[in-house]
Every structure is written in structure tokens, then in C-alpha cells.
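Residue-level structural notes
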Amino acid sequence: MKKKPNQTKETVYDIEAYRRKKKRQKRLHRLFTLLAAMLLIGGTGGVLYLYNRYEDLLMQPPGQQGAASSQPGTVQAGSFPVALDAVTPLEIEGFGSGLILLTNEDAAVLQADGTVSSQFVHTYTNPVLRTGDSRYLLYDRGGYGYRVQNEGGTLSEGRTTNSILNGACGHDSAFALVTSESRYAGSVQVYGKNGRELFSWYSAEQIADLAFSHDDRYLAVATAVFDPVGSLNARVHLFDLEREEEVASADFSDALPLGVNILKDGTVHLVADTFLGILSEDFSEQSKVPYLQTLRNYQFSHTATLLVTSGANEVSSTLSLVAENGEQKEQTVRNSVTDVSLTDSGLCVLAGGSARVYSPEFEMVRTEQVANDVFQILYHEGEIYVMSSSVLDRLSSGASGEGSET
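Remember, it's a predicted structure, so these values are computed and weren't measured experimentally.

**Looking at the pairing of strand S4 (residues 106–110)**
For S4, the buried fraction is high: five of the five residues fall into the buried class. Alternating positions in S4 separate into two faces, Asp106, Ala108 and Leu110 on one and Ala107 and Val109 on the other, with burial throughout. By the bridge criterion, four bridges tie strand S3 (residues 98–103) to S4 in an arrangement that is antiparallel. In the sheet register, Leu102 faces S4, and the bridge partner there is Ala107. Once S3 ends, the chain turns through two residues before running back antiparallel as S4. Relative to strand S5 (residues 116–121), S4 is paired through five bridges, and the arrangement is antiparallel. Bridge pairing in S5 places Asp106 opposite Val121. Remark: five residues form the turn of the hairpin made by S4 and S5, two consecutive strands paired antiparallel; Gly114 in that turn has positive phi of roughly 100°.

Set out below in C-alpha cells:
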């Protein structure tokens, strides 16, 4: 019988190696299990974080997502003229030493030389621009998104619970939004610096327009009211935002309110369908400036209201500049007026293929020929800007004319 030397020893060695191998496998299994658990927990936490972070975006109605995109703007400008081939231009407004260009895709602040100082893609369905002295408000009418910007960038942005109907930008740091309500005709929310809500008011009356006083302390809200016999009246509410209460109101009978403004001296101008209503600072006195023809356009400044009226055939137009106290100056233009731009130092009229600058006394200051497809004009800081569907341009100083009309 042969011996099998070291048989027992060999058997013991194999068992120990097997045990060590099983221990290594067990440790690896535990490690993999732990890693899998960590990944699962981390993934779940990540999903919860993303859901909490972007819940408002996920819950947006169709067509409202991406309302504050950080994509590069589509308006590429370095000088005038600015090509607008890739966008649909909507509006230009004076801002700082330059202007704001609003398109269907973005809003851009342009300096007087045509360079872009700030820009963002809004993707709002129905963007509306409201400007103040140092900042501007952009909101999506019928949607939920809004943003407040200055020349340096974003100051405040957010989304409302209910759809936005209207808005106003204060002269300094305040802004206001009118939103729809289930049990009211609408509500007004006033926000201060950094978007903090300061005041809210719920209205049973249809809100037509609103405006801040020059120091942002007061807010005028114009509403449409039906009286007991069914007649439509215009009403102006005045709120003291520091005291957080309504301090005055006034009615104008048989009127459809269109726009309201608080002028620099505290006087309130209400543009209605058939007249301009004027209210003293404390609403103790009121008067009317009736329109002799149909109202076609109007513009507000810090010190006056410009009214453009004409007959049914629109072969000529009347410009009426109404000061704070109701004093009125008039100028007749032998053309249909396409657009107007009013400042405290003068006004510009787009009519008959020309841009005509007048002083507040309606003295002719400057006349420039423009292309036939120009539909909007801006007179700001002594410069004339014109916009067509494809180009935004600044007119260089050319021939000027004198006289009462051209």
C-alpha cells in the first residue's frame, strides 16, 4: 500500500484556501451591495432634488416652459443698423442712455452706439415690456413668468400662481402685477426691492391699467365699473403703499378706461375712449378734455399726455399735448400718424414717410425721411430710432425744417 504522504496536510490547505476565497467573495459582495445602495440613495436624492428644484417648471402649462432661458440672445449687434432677420421685432423703449429692444424671442438693452449691454432669451408667448427710470419689467401676458432687469442684469424673476393680466414698473425699485383670480375680477400685487411682496389688493372691478407715482409711494389703478342701470364708468383708485391702504377714488361716467398715469406733480391723467380725465393730487378736483375726433394713439411722459386723434378717413391728424394742469397745445399733421414718441423735452411723430421732431411748444426741430416699412419710432436723449420688420436703425442728423406742419 502506497503511502500518500502529506494527504492530510494537502486537504487542510485546500479548505483554508476555499475559506479565504469565500471570505473575499463575501467582502466583495458586501462592498458591491453597499455601493449599489449608495448609488440608489444618491440617485433618489438627485431625482428628489431636481423635482423640488424644477417643480414649477414641470408644472407649467404647455408652451410656458423655459421662460427664463440662459441661451445666447438672437440679436447680435455692435453698431447701427441692427439686423432683425432672425426675430420678429415687437417694441423699442428708451432706457438709460440707450434703448430696450423687445422681440418675440429676447429682450436686449442697446447703448446709443448700438452695442448690447445685456440680453436674455425670454420665450414668452405674449411678452409685454414696462420701463422705469433705472429698471424694466418684462412679463408674459396670459402666462406666468416675469423678470425685472437693469442695465447690468437680472434683479428679480419668478412665476405667479395665476395668469398675468397686466403690469407696471415703478420709477425706482417697485413693480406691480395684475393677475387673474377665481373669485375676483383680478388682483394687484406690488413688489419692492429683490421681488419682496409689499402690498396686495383684490378687485371686483375689471382692471384696465395701473401706474406708480414718481417716488413709488402711490399707485393709481384704473378700473371699469358697471353702475346699477348698466352704464359703463371709469374709476381710479389711489393707494398709499407705505400705509398699505386706499386713500382716494374718483369716477368718470360713461367712459371706457384705457390708460392711467401719475405725473411728476402728483396729478393723475386717465385716458378714456372719449376724453382725457384729470384728477388733482388729492382727487378733490376733476376735469375732462374731450376728443373732437376718434382717439388713435396716446403717450405718457413725466409731465404731459400726448393724444393723437383723427377723423374717419384719417387724411389728417391732430396732436394734443396736455400738461399736468390741463393746459393744452395742438398741432395738425396732414397725414395719418403711424407712431409717436413723447419725452419731457419734446416729441417725435412718424407720418407720411418722415420722422418729425417737435418741441413741447410744437415748434419744428428736425425732419428726417424714413423707409416706408418703418412702423415704430423712438425719440430718446435727442436721438431718433426707427424700426421696421428687418432693421433697427438710428438716424443721423440730417436736414431740419421749421414751421407748423409738413
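Okay, back to it.
**So, the sheet that holds strand S17 (residues 245–252)**
As summarised here, the arrangement of the four strands in space is S14-S15-S16-S17, forming an open sheet in which the pairing is antiparallel. This sheet does not close on itself; its edge strands, each paired only once, are strand S14 (206–212) and S17. The average angle at which neighbouring strand axes cross in this sheet is 20°, direction not considered.

**Overview of the side chain of Arg147**
Along the polypeptide, Arg147 turns up in strand S8 (residues 145–150). For Arg147, a relative accessible area of 6% translates into the label buried. At 3.2 Å, the side chain of Arg147 and the side chain of Gln149 are in polar contact.

**Observations concerning the layout of surface pockets**
Taken as a whole, the largest pocket spans an internal volume of roughly 1,500 Å³. Around the largest pocket sit 47 residues that line it, and Glu93, Thr131, Gln299, Phe300 and Ser301 are the ones nearest its centre. Broken down by secondary-structure element, the contributors of at least two residues to the lining of the largest pocket are strand S2 (89–95), strand S6 (127–131), strand S10 (164–169), S14, strand S18 (257–262), strand S22 (294–300), strand S26 (337–343) and strand S30 (376–380). Here the lining of the largest pocket takes six residues from S2, the largest share from any one element. For the lining of the largest pocket, the class distribution of residues is 21 nonpolar, 17 polar and nine charged.

**A few points about the packing of aromatic side chains**
Scanning the model with the defined rule gives eleven aromatic pairs in all. Pairing Phe80 with Tyr385 gives two aromatic rings, centres 5.6 Å apart and planes at 55°, and the pair type is tilted. You can see Phe80 sitting in the loop between helix H1 (7–58) and strand S1 (82–83) and its partner Tyr385 sitting in strand S31 (residues 383–387), a full 305 residues away along the chain. A single burial state applies to Phe80 and to Tyr385, both of which are buried. One residue, Arg147, lies across the ring of Phe120, its end atom 4.1 Å from the ring centre. Over the ring of Phe275 we find Lys288; its NZ or CZ atom is 4.5 Å from the centre of that ring.

Scoring rules and cut-offs
Residues numbered from 1 in each chain as written. Predicted model: local features only at pLDDT ≥ 70, side-chain atom pairs only at ≥ 80, totals over all residues. Heavy atoms only, no water. Buried < 20%, exposed > 50% of the residue type's maximum accessible area, 1.4 Å probe, protein only. Helix = DSSP H or I, 4+ residues; strand = E, 2+ residues; numbered from the N terminus. Pairing = 2+ DSSP bridges. Axes fitted to C-alpha atoms, helices over the stretch in contact; angles between N-to-C directions. Polar contact = N/O pair within 3.5 Å; in protein donor to acceptor, adjacent residues only side chain to side chain. 1 Å grid on protein atoms, 1.4 Å probe; cavity = no way out; pocket = protein on both sides within 12 Å on 5 of 7 lines; lining within 4 Å. Points joined across faces, edges and corners; volume = space filled by probe spheres on them. Nonpolar A, V, L, I, M, F, W, Y, C, P; charged D, E, K, R; others polar. Phe/Tyr/Trp six-rings, centres within 6.5 Å; stacked < 30°, edge-to-face > 60°. Lys NZ or Arg CZ within 6 Å of the ring centre and 35° of its normal.

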